[in-house]
Amino acid sequence: MLELPSVKSGFKLRSSQEEMITVFEKYMKAQGIALSDEEIKLIGAAATEKTVPRKQTLLQAGEICRFKLFVITGFLRTYRIGADGNEYIMKFSPELTWTTEGESYTNRIQSAYYIDTLEDSQLMMWSRDQFDALHNQIPALKTFSDQLISRNLYSSQNRLYKVISSTPEEKYEDFIKTYPGILLRVPLRMVASYLGVSVKTLTRIRQSQLQRSLK
């Protein structure tokens, strides 16, 4: 994995770190989980804060994913490169979402996927050893993590079902509901890759929707 640049030194470093931890603590308190303020602070304090520029690779295929990430600001994607050389985007991770490469992280095996930044991003990062230690120390965090895994599994299964059963128009409608505003933040080719349709098809769908909205 590439070495990630940290935020700058001095007062700005302390200020940025404090702001990131404050955002994280507010997020955790809003999840309705049985964590005390002290436990939430302990979880945040165990993280490494990183400010990462856009187009930075966080995980490369062939590496073992050894971290969990929480996105404070910015935008990440998880993707795979097929035998045809094309990119196939599996997941977008905007602000206030968790991400990792689950199979590689859990089983300590080489990843088939890449994770990179699509925008300048502020991230909080925990190594697996750190997170496992937190699980042992804070049982409610383990419960929360299991809930996240369950939700991600459901989301992946639901996405697979829609890929198999839905029309391109239905896939697009579901995408803009799931990721509102993201069409303004990523190239159309990446949205097409995520949906499993051609750029030409996606352009046609968007133009058709625009025409309907103008009637």
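Residues numbered from 1 in each chain as written. Predicted model: local features only at pLDDT ≥ 70, side-chain atom pairs only at ≥ 80, totals over all residues. Heavy atoms only, no water.

Quick notes on the nonpolar core
Reasoning step 1: Residues Phe24, Met28, Ile43, Trp98 and Trp126 are the most contacted members of the largest nonpolar core, which totals 33 residues.
Reasoning step 2: Only α1 (11–29), α2 (37–45), β2 (57–59), β3 (67–73), β8 (121–127), α4 (128–137) and α5 (139–165) provide two or more residues apiece to this core.
Reasoning step 3: Residues contacting Trp126, with those up to four places away along its chain left out, are Phe24, Ile43, Ala46, Ala47, Arg66, Phe67, Lys68, Phe70, Trp98, Phe131 and Leu134.
Reasoning step 4: Membership of the second largest hydrophobic core comes to 19 residues, among which are Tyr79, Val186, Val191 and Leu202. (Core = buried A, V, L, I, M, F, W, Y, C linked by side-chain atoms within 4.5 Å. Buried < 20%, exposed > 50% of the residue type's maximum accessible area, 1.4 Å probe, protein only. Helix = DSSP H or I, 4+ residues; strand = E, 2+ residues; numbered from the N terminus. Contact = heavy atoms within 4.5 Å.)

Some details on the pattern of salt bridges
Reasoning step 1: Applying the stated criterion to the full structure yields 11 salt bridges.
Reasoning step 2: With its nearest N and O atoms 2.7 Å apart, the salt bridge here joins Arg77 to Glu87. Residue Arg77 is located in strand β4 (residues 75–81), and its partner Glu87 is located in strand β5 (residues 87–94); the two are separated by 10 residues in the primary sequence.
Reasoning step 3: Residue class for Arg77 comes out buried when judged on its relative accessible area of 6%.
Reasoning step 4: When its relative accessible area of 31% is taken as the criterion, Glu87 is described as partly exposed.
Reasoning step 5: Two residues, Glu169 and Arg204, come together in a salt bridge whose shortest N-O distance is 3.3 Å. Here Arg204 lies in helix α8 (residues 199–214) and Glu169 lies in helix α6 (residues 168–178), a separation of 35 residues in the sequence. (Salt bridge = Lys/Arg side-chain N within 4 Å of Asp/Glu carboxyl O.)

Observations regarding the side chain of Lys171
Reasoning step 1: The residue Lys171 is located in helix α6 in this model.
Reasoning step 2: Within the buried set, Lys171 has no salt-bridge partner at all; the shortest N-O distance to an opposite charge, 8.7 Å, is to Glu170.
Reasoning step 3: If we skip the residues at most four places from it in the chain, Lys171 touches Lys162, Val163, Ser166, Leu195 and Gly196. (Lys, Arg positive; Asp, Glu negative; His and termini not counted.)

Describing the sheet that holds β5
Reasoning step 1: With respect to topology, four strands assemble into an open sheet ordered β2-β7-β4-β5, the strand pairing being antiparallel. The open sheet is flanked by β2 and β5, the only strands paired with a single partner. Pairwise comparison of adjacent strand axes, ignoring direction, gives a mean angle of 30° for this sheet.
Reasoning step 2: In terms of strand pairing, β4 meets β5 through seven bridges, oriented antiparallel. Following the sheet pairing, Ile81 is matched in β5 by Glu87.
Reasoning step 3: Docked against the sheet, helix α7 (residues 188–195) engages β4 and β5, running at close to 105° with respect to β5. (Pairing = 2+ DSSP bridges. Axes fitted to C-alpha atoms, helices over the stretch in contact; angles between N-to-C directions.)

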